[in-house]
There are 2 protein chains.
Amino acid sequence: MDNKGILIVVSGFSGSGKGTLMKVLLDAYDNYALSISATTRQPRAGEVEGVHYFYRSNEEFEKMIAKDELIEYARYVNNYYGTPRDYVEEQLNSGKDVILEIEIQGALKVKKKYPETLLLFVTPPDAATLERRLVGRGTETPEVIRSRMLRAAQEADGMDAYDYLIINDDIEACRDEVHRIIQSEHHRCSRNVEFMDQIKAELKANLKGEL
Amino acid sequence: MDNKGILIVVSGFSGSGKGTLMKVLLDAYDNYALSISATTRQPRAGEVEGVHYFYRSNEEFEKMIAKDELIEYARYVNNYYGTPRDYVEEQLNSGKDVILEIEIQGALKVKKKYPETLLLFVTPPDAATLERRLVGRGTETPEVIRSRMLRAAQEADGMDAYDYLIINDDIEACRDEVHRIIQSEHHRCSRNVEFMDQIKAELKANLKGEL
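Just so you know, the residues in each chain are numbered from 1, in the order the chain's sequence is written. Just so you know, chain letters begin at A and ligand numbers begin at 1, following the order they were written in. Only residues with pLDDT of at least 70 are given local features in this predicted model, and only at 80 or more are side-chain atom pairs given and counted; all residues enter the totals for whole chains, interfaces and linings.

Student: Teacher, can you tell me more about the overall build of chain A here?
Tutor: Across its full length, chain A carries eight helices and nine strands. Along the first, second and third principal axes, the C-alpha set of chain A runs to 75 × 40 × 30 Å. Within chain A, the fraction of its 211 residues that count as buried is 35%. Two residues qualify as a contact pair if the distance between their C-beta atoms, derived from the backbone, is within 7 Å. Across chain A, contacts joining residues at least 24 apart in sequence account for 69% of those joining residues at least 6 apart. Segments assigned H or I by DSSP are reported as helices when at least four residues long, segments assigned E as strands when at least two residues long, and all are numbered from the N terminus. Residue burial is a threshold on neighbouring C-beta atoms within 10 Å of the residue's own C-beta, all placed from the backbone, with 20 or more meaning buried, 12 or fewer meaning exposed, and counts in between meaning partly exposed.

Structure follows, in structure tokens:
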């Protein structure tokens, strides 16, 4: 099979558990690299520069846009979020599957630019579970929870544009499911053009003059 | 997740081992049903009516065509081969994944008629392995082997139209790979419209009047 990494976009409702899911996936399997986004939003408690995000000023971010150093970027709640290109391409070329954890707006931009991108949408099994998880965090005000539920209802309309639906009920089962889905994608014909060209050439060489 | 079976077409070069692969897949997992084709060709030694094929006369076969009782049919080496519709639809509705083992001409017709069909192409790792397997069977004349290699070279041009490439090197590893690929496909957004509609409706009901 061809040895190219797959660019993967993971999105999902706030409260879907996609952050934890990505963490356990990367802990369990060594063939993934998580892309680190750049953002203009303030770090939350415990977040570290270069680990969770690259924190940039508005001016710095707009310079990156102008130099085409981002494969996608979007504004969300008055802040910029974007994906620096260099790191992603480096990892893909080395055969790693690179995961971007971005929201739907950015996901669709990446898919348009790189049609071979794999889009995964993480969702809890139902809306009640989503609300329970947001409340359970204990870090958000009721207004923020309400606004996230409102946003989820809007984002749900975009689910259809994704390739796979990841129903996050049991985190470990879900982690292994995501792994199987991504590894299965490596067998897509469209991702194995080199292998196919090779066997076509061999078959034709074998029968030279008869075709 | 939605509980509909997936219609799967498996094709591959003669000598790719696809027949054995399907046999071990059905032996190992109980969520698959193999479609039985109708054909006008003569039974080979050991083949049984209703197990390997439904053997039909030319007149009978053409009556099935006229009554639209086949989801696809094709002529190959002067014989008809086709897939009776009833059995396939029955199995899909019961949640089974139904496998059609047909050649490329029929595969493309099925995909056109049922775009949600999953097309798998089985290939040995290289052309030399293919020829070795055909010779190793010991049941074919050199002329037949040559004609199968010629046909393989022609069929190879159609590989790109398939969804997944199944490289049959180790039969058991390959069997499990096929199982993972098919089961991953059950997570496709396009195959889970009911689930998505459900969670969208829940999220909207929850926020009635705010959207």
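Student: Is there a simple way to think about the sheet that holds strand 9 (residues 164-167) of chain B in this case?
Tutor: Two orientations exist for strands paired in a sheet by backbone hydrogen bonds: parallel and antiparallel. Residue and element names in this part refer to chain B. Overall, parallel pairing links the five strands, which are arranged 2-7-1-8-9 in an open sheet. Strand pairing shows two members of the sheet lacking a second neighbour, strand 2 (32-34) and strand 9, which therefore form its edges. Put simply, the sheet's adjacent strands are angled 30° from each other on average, direction ignored. Pairing of strand 1 (residues 7-12) with strand 7 (residues 97-101) involves four bridges; the strand directions are parallel. Paired with Val10 across the bridge in strand 7 is Glu101. Contacts between helix 3 (residues 85-93) and the sheet are confined to strand 1, strand 2 and strand 7, with strand 7 contributing the most and set at about 150° to the helix. One bridge is not enough; two strands pair if DSSP finds at least two bridges between them. Helix axes use the C-alpha atoms of the stretch in contact, all axes being lines fitted to C-alpha atoms, and the angles between their N-to-C directions lie in the range 0 to 180 degrees.

Student: Honestly, helix 5 (residues 127-137) of chain A in this entry has me stumped. Any pointers?
Tutor: One full turn of an α-helix is made of 3.6 residues, so residues set three or four places apart face in the same direction. Residues and elements named next belong to chain A. When helix 5 is considered as a whole, its buried residues turn out to be Ala127, Leu130, Glu131 and Leu134. Axial view of helix 5: buried residues confined to an arc of 95°, hence all on one face. Facing away from the buried side of helix 5 by more than 90 degrees, the exposed set consists of Ala128, Arg132 and Gly136. Of all possible arcs, the one meant is that of the directions from the helix axis to the C-beta atoms.

Student: I keep staring at the pairing of strand 9 of chain B and nothing clicks. Help me out?
Tutor: It is a general feature of regular strands that their side chains alternate between the two faces of the sheet. All names here are of chain B. Going residue by residue along strand 9, you find Tyr164 and Ile166 tucked away on one face and Leu165 and Ile167 tucked away on the opposite face as well. By the bridge criterion, four bridges tie strand 8 (residues 118-123) to strand 9 in an arrangement that is parallel. Along strand 9, the bridge assignment pairs Val122 with Ile166.

Student: I keep staring at the packing of helix 5 of chain A against helix 6 (residues 142-155) of chain A and nothing clicks. Help me out?
Tutor: Packed helices, taken two at a time, are described by their axes: the angle between them and the distance between them. All names here are of chain A. Put simply, helix 5 and helix 6 touch, their axes get as near as 10 Å, and they point 150° apart. Viewed along their axes, helix 5 and helix 6 adopt a mutual orientation that is roughly antiparallel. At the point where helix 5 passes helix 6, the crossing takes the right-handed sense. Across the interface between the two elements, Leu130, Glu131, Leu134 and Val135 of helix 5 pack against Ile145, Arg148, Met149 and Ala152 of helix 6. Class assignment of the residues belonging to the contact of helix 5 with helix 6 gives a composition of six nonpolar, no polar and two charged. Angles are sorted into four bins: roughly parallel if under 35 degrees, roughly antiparallel if over 145, roughly perpendicular if 65 to 115, and oblique for all others. Note on convention: near helix rotated counterclockwise from far helix by under a right angle means a left-handed crossing. Clockwise means right-handed. Gly counts as polar in this scheme, as do all residues outside two lists: the nonpolar Ala, Val, Leu, Ile, Met, Phe, Trp, Tyr, Cys and Pro, and the charged Asp, Glu, Lys and Arg.

Student: Sorry if this is basic, but what is going on with the relation of the copies chain B and chain A here?
Tutor: Comparison of the two chain copies shows a relationship of rotation about an axis with a shift along it. The transform that puts chain B on chain A rotates by 180° and translates by 0.0 Å along the axis, for an RMSD of 0.0 Å. The operation mapping one copy onto its partner corresponds to a two-fold rotation axis. A symmetric contact is evident, with 100% of the interface residues of chain B recurring at the interface of chain A. Residues reaching a pLDDT of at least 70 in both copies supply the C-alpha atoms on which the copies are superposed by least squares.

Student: Can you walk me through the sheet that holds strand 3 (residues 37-39) of chain B in this structure?
Tutor: All names here are of chain B. The four strands are arranged 4-3-6-5 in an open sheet whose pairing can be described as mixed. Each having just a single partner strand, strand 4 (53-55) and strand 5 (70-76) make up the two edges of the open sheet. Going across the sheet, the axis of each strand differs from the next one's by a mean of 25°, ignoring polarity. Two elements, strand 3 and strand 4, share three bridges in a ladder whose sense is parallel. When the sheet's bridge partners are listed, Thr39 is paired in strand 4 with Tyr55.

Student: I tried to follow the pairing of strand 7 (residues 97-101) of chain A on my own but got confused; where do I start?
Tutor: Residues and elements named next belong to chain A. Within strand 7, five of the five residues are buried, which leaves the element mostly enclosed by the surrounding structure. Residues Asp97, Ile99 and Glu101 point to one face of strand 7 and Val98 and Leu100 to the other, with burial holding for every one of them. Pairing analysis gives three bridges linking strand 2 (residues 32-34) to strand 7, with the strands arranged parallel. If you follow Tyr32 over to strand 7, its bridge partner there is Asp97.

Student: When you look at the interface of chain B and chain A in this model, what are you seeing that I'm missing?
Tutor: For an interface, size is often stated in terms of accessible area lost upon the parts coming together. Counting residues at the interface gives 37 residues for chain B, matched by 37 residues for chain A. Of all the secondary structure elements, the ones that give two or more residues to the side of chain B that touches chain A are strand 8, helix 6 (142-155), strand 9, helix 7 (171-185) and helix 8 (193-206) of chain B. Counting residues per element, the side of chain B that touches chain A draws most heavily on helix 8 of chain B, which supplies eight residues.

Student: For this particular structure, what's the right way to read the packing of helix 7 (residues 171-185) of chain A against helix 7 of chain B?
Tutor: Interaxial distance between helix 7 of chain A and helix 7 of chain B falls to 9 Å at its minimum, and their mutual angle equals 110°. Between helix 7 of chain A and helix 7 of chain B, the interaxial angle falls into the category roughly perpendicular. The hand of the helix 7 of chain A/helix 7 of chain B crossing is left-handed. Facing helix 7 of chain A, whose interface residues are Arg180, Ile181 and Ser184 of chain A, helix 7 of chain B presents Arg180, Ile181 and Ser184 of chain B. Here the contact of helix 7 of chain A with helix 7 of chain B is built from residues that sort into two nonpolar, two polar and two charged.

Student: What should I look at first to understand the environment of Val193 of chain B in this one?
Tutor: Residue and element names in this part refer to chain B. By the element assignment, Val193 lies in helix 8. You can call Val193 partly exposed: it has 13 C-beta atoms within 10 Å. Linking Val193 and Met1, residues 192 residues apart in sequence, is a C-alpha distance of 8.9 Å.

Student: Is there a simple way to explain the confidence of the model for chain A in this structure?
Tutor: Regions with low pLDDT carry predicted coordinates that are not meant to be interpreted in detail. On average, residues of chain A score 92 in pLDDT, and 99% of them reach the 70 mark or higher. Predicted complex, confidence summary: ipTM 0.87, pTM 0.88. Each residue carries a pLDDT value, the predictor's own confidence for that position, ranging from 0 to 100.

Student: Can you help me understand helix 6 of chain B in this one?
Tutor: The end-to-end C-alpha distance of helix 6 of chain B, which contains 14 residues, comes to 20 Å, matching closely the 20 Å that a straight helix rising 1.5 Å per residue would cover. The complete set of buried residues in helix 6 of chain B reads Met149, Ala152, Ala153 and Glu155 of chain B. Each buried residue of helix 6 of chain B lies within a common arc of 165° when the element is viewed along its axis, so the set occupies one face. On its buried face, helix 6 of chain B sits against helix 8 (193-206) of chain A together with helix 4 (104-113) and helix 5 (127-137) of chain B. A helix's residues, less one, multiplied by 1.5 Å, set its expected span.

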